[in-house]
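Remarks on the overall topology
These are the residues of each chain, in order.
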Amino acid sequence: MVKDTQYYIDGVIAGDRLVLARTITLIESSLAGHQALARTIIDSLLPRTGNAVRLGITGVPGAGKSTFIESFGTMLTEMGLRVAVLAIDPSSGRSGGSILGDKTRMEKLAVNDKAFIRPSPSSGTLGGVAGKTRETMLVCEAAGFDVIIIETVGVGQSETTVASMVDFFLVLMIAGAGDELQGIKKGVLEVADAIVINKADRDNVGKAELARKEYQAALHLLMPYSPNWTVPVLTCSALEKVGIEEIWQAVEEHRRALTDSGEFYQKRKDQARQWFGFLLDEGLKDWFYNSAKVKKTIPGLLGEIEQEHTSPTVAAARLLSLLDDTV
Ligand code: GDP
């Protein structure tokens, strides 16, 4: 049952996990009434957001993301920090079963009272899912979480969307698999703030170190995106909890370097501006395709294109010209 706005606002501010979960459910709802309520709540909570470390993690299935987040998140909670983990799983809609819904993932963190784990909804467009993740992140910040970890599977285009909403984007790799095999595109390396070769343990230590050097060399060929930060390539063992602290140190150093130079606040501002543009793009598309006139006109135009009575260019221009009348 939907409660009044103040119930959600007060509950989130008090750090009440049940109310937090209910608020996220409202954010994820596709009902217009729920979305309007969620917007009001987020607007009221906005002054309390922005204080967390926003961390994005990507990597192909099997790279060790959940094992890493379990070890890393547990370490942070032992340092007294409160950690929220939001997981985007773009594959779940198609495969039917969500790999992120797997109960064995992050077993310890799931029962840790300083941690909060929330998988993102498994349906909808990536833009929709990511949009809800961004709003969920804000609500978690208002609830007092110190670190927000957004996990995304390194396939498709979700990585760059996540990279544009976090302060620090970590790409988790494994040795012995070529870039192609890992599905890691150059674009992902370009938005990485750190690359971590996981599973550097047992008889894999040498291979991991070799991979580390290779990535470091590859990174040298890329233009550094920031004059204030050199992207480190690190190794770790999420399973044996080796090298995990160094990764947190890198996150802290990055924040210091970017804050000192003023880049940090500029980055957050740019992200907000980018987000505004993104929402407008999404909204325009929705509004356009849902307009009765557009819906009525599209089938006829498609027919004309198929019969080669009209070119796609002319048909698209005609459809878009409907915008002139709708405004
Ligand atoms: P995800 O799909 O990226 O979330 O990967 P998982 O965390 O589920 O890990 C996939 C497999 O790799 C599991 O069998 C893990 O136990 C194993 N794994 C994860 N991290 C490490 C590590 O640091 N060392 C070793 N040896 N195995 C690991």
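In the block above lies the structure referred to throughout.
Before going into details, it helps to say that this report is about the structure given with it.

What counts and what doesn't
Residues numbered from 1 in each chain as written. Predicted model: local features only at pLDDT ≥ 70, side-chain atom pairs only at ≥ 80, totals over all residues. Heavy atoms only, no water. Near = heavy atom within 4 Å. Polar contact = N/O pair within 3.5 Å; in protein donor to acceptor, adjacent residues only side chain to side chain. Helix = DSSP H or I, 4+ residues; strand = E, 2+ residues; numbered from the N terminus. Nonpolar A, V, L, I, M, F, W, Y, C, P; charged D, E, K, R; others polar. Buried < 20%, exposed > 50% of the residue type's maximum accessible area, 1.4 Å probe, protein only. Pairing = 2+ DSSP bridges.

1. Re the site of the ligand
Neighbouring residues of the ligand: 15 residues in total, closest Gly-62, Lys-65, Thr-67, Asp-201 and Ala-238. Ser-66 is positioned with one of its side-chain polar atoms (N or O) 2.8 Å from an oxygen atom of the ligand. At 2.5 Å from an oxygen atom of the ligand is found a side-chain nitrogen or oxygen belonging to Thr-67. With 3 residues, helix α4 (residues 65–78) is the single largest residue contributor to the shell around the ligand. Its residues assigned to classes, the shell around the ligand comprises 5 nonpolar, 6 polar and 4 charged.

2. Notes on the environment of Phe-264
Within the fold, Phe-264 resides in helix α13 (residues 263–290). Residues Phe-264 and His-254, 10 residues apart in the sequence, show an inter-C-alpha distance of 9.2 Å.

3. Topic: the pairing of strand β1 (residues 53–59)
Across the 7 residues of β1, 7 count as buried, placing the element largely inside the fold. The alternating pattern of β1 places Val-53, Leu-55, Ile-57 and Gly-59 on one face and Arg-54, Gly-56 and Thr-58 on the opposite face, and all of these are buried. Sheet analysis places β1 next to strand β5 (residues 168–174), joined by 4 bridges and oriented parallel. Directly across from Ile-57, in β5, lies its bridge partner Leu-170.

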